[in-house]
Amino acid sequence: MVNPNIMDQVRDITLKRHPFKKYPIQVGDTARAHIKVKEGSKERVQVFEGVILKIQGKDHTRSFTIRKISGGVGVEKTLPLASPYLSHVEVVSRSKVRRARLYYLRKLKGRAARLSARQLTDNKDQKQEKPS
C-alpha cells in the first residue's frame with residue numbers, strides 16, 4: 001500500500017510544475033482546445049474543435065477526450081487539463097446528453113452523430129421563471 005504522505009508530496013510537486021487550470025467543460029460540449037505545438041525552434045497554437053466524449057480523473061490528474069471528423073475520418077485526442085501544452089479550452093456550444101461517456105458517437109455518421117443543442121448561459125443553475 002502506498003503511503004498517503006507520499007501521494008500528497010507527488011501531488012504538490014505536480015501542481016508546482018503544472019498549475020491546475022479549471023475549465024467549465026462538460027461531456028457533450030463542443031469545445032475548442034488550443035494546443036501549443038513545437039515545430040523545430042518555432043512554437044504555434046493549433047486549434048482542435050470537437051465534441052467532448054469523456055472526462056476522467058480528478059483534481060490535477062483530470063483529462064478529457066475530444067473528437068472531431070477530419071476528412072471523413074474520426075480523430076480523437078485525450079488531453080490532460082494540467083498539461084503545459086494546453087493553452088486554453090473554450091466552449092462553443094453545449095448539448096443535452098444523458099451519458100457520462102459518449103462512445104456511441106464513434107459508430108454514427110452524418111446527421112445521426114449530431115447532438116441536440118441547448119442554450120449556452122452564463123450560470124447553468126439559473127432558471128427562467130415565467131411571469132404569473
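The structure presented is a predicted model; accordingly, all values stated were derived computationally and were not measured.

**Q** Any chance you could explain the overall build of the protein here in plain terms?
**A** Secondary structure assignment for the protein yields one helix and six strands. Listing every helix and strand of the protein by position from the N terminus yields α-β-β-β-β-β-β. The 132 residues of the protein split such that 25% are buried. For the protein, contacts bridging at least 24 residues in sequence account for 53% of all contacts bridging at least 6.

**Q** Explain the nonpolar core here, please?
**A** Across soluble globular proteins, nonpolar side chains show a tendency to be buried alongside one another. Ranked by size, the top nonpolar core spans 18 residues in total, and within it Ile25, Phe64, Leu79, Leu86 and Val89 carry the most contacts. Breaking this core down by element, the ones donating at least two residues are β1 (30-39), β2 (42-56), β3 (63-70) and β5 (86-95). Setting aside chain neighbours within four positions, we find Ile25 in contact with Ile52, Ile55, Phe64, Leu81, Val89 and Val91.

**Q** Looking at this structure, I do not really get the pattern of salt bridges. What am I missing?
**A** If charged atoms from side chains of opposite charge come close, those side chains can pair. Applying the stated rule across the entire model yields six salt bridges. Salt-bridge contacts for Glu39 lead to Arg44; the nearest nitrogen and oxygen are separated by 3.0 Å. Exposure remark for Glu39: the relative accessible area of 45% places this residue in the partly exposed category. Residue Glu76 is joined to Arg67 by a salt bridge in which the shortest nitrogen-to-oxygen separation is 3.0 Å. For Arg67, a relative accessible area of 15% translates into the label buried. Put simply, Arg32, Glu49 and Glu90 are held in one network by salt bridges that share partners.

**Q** Quick question: what am I supposed to make of the side chain of Arg94 here?
**A** Note that Arg94 resides in strand β5. Owing to a relative accessible area of 14%, Arg94 belongs among the buried residues under this scheme. For Arg94, the side chain forms a polar contact with the main-chain oxygen of Pro24, separated by 2.9 Å. Polar side-chain contacts of Arg94 include one of 2.5 Å to the side chain of Asp29.

**Q** What is the right way to look at the environment of Ala31 in this model?
**A** Mapping Ala31 onto the fold places it in strand β1. Classification of Ala31 by relative accessible area gives buried; the value is 0%. Once the C-alpha coordinates of Ala31 and Ile66 are considered, the two residues, 35 residues apart in sequence, prove to be 8.1 Å apart. In this structure, Ala31 is in contact with Phe48, Glu49, Gly50, Ile52, Ile66, Val89, Glu90, Val91 and Val92, ignoring residues within four places of it in sequence.

The rules behind these values
Residues numbered from 1 in each chain as written. Predicted model: local features only at pLDDT ≥ 70, side-chain atom pairs only at ≥ 80, totals over all residues. Heavy atoms only, no water. Helix = DSSP H or I, 4+ residues; strand = E, 2+ residues; numbered from the N terminus. Buried < 20%, exposed > 50% of the residue type's maximum accessible area, 1.4 Å probe, protein only. Contact = heavy atoms within 4.5 Å. Core = buried A, V, L, I, M, F, W, Y, C linked by side-chain atoms within 4.5 Å. Salt bridge = Lys/Arg side-chain N within 4 Å of Asp/Glu carboxyl O. Polar contact = N/O pair within 3.5 Å; in protein donor to acceptor, adjacent residues only side chain to side chain.

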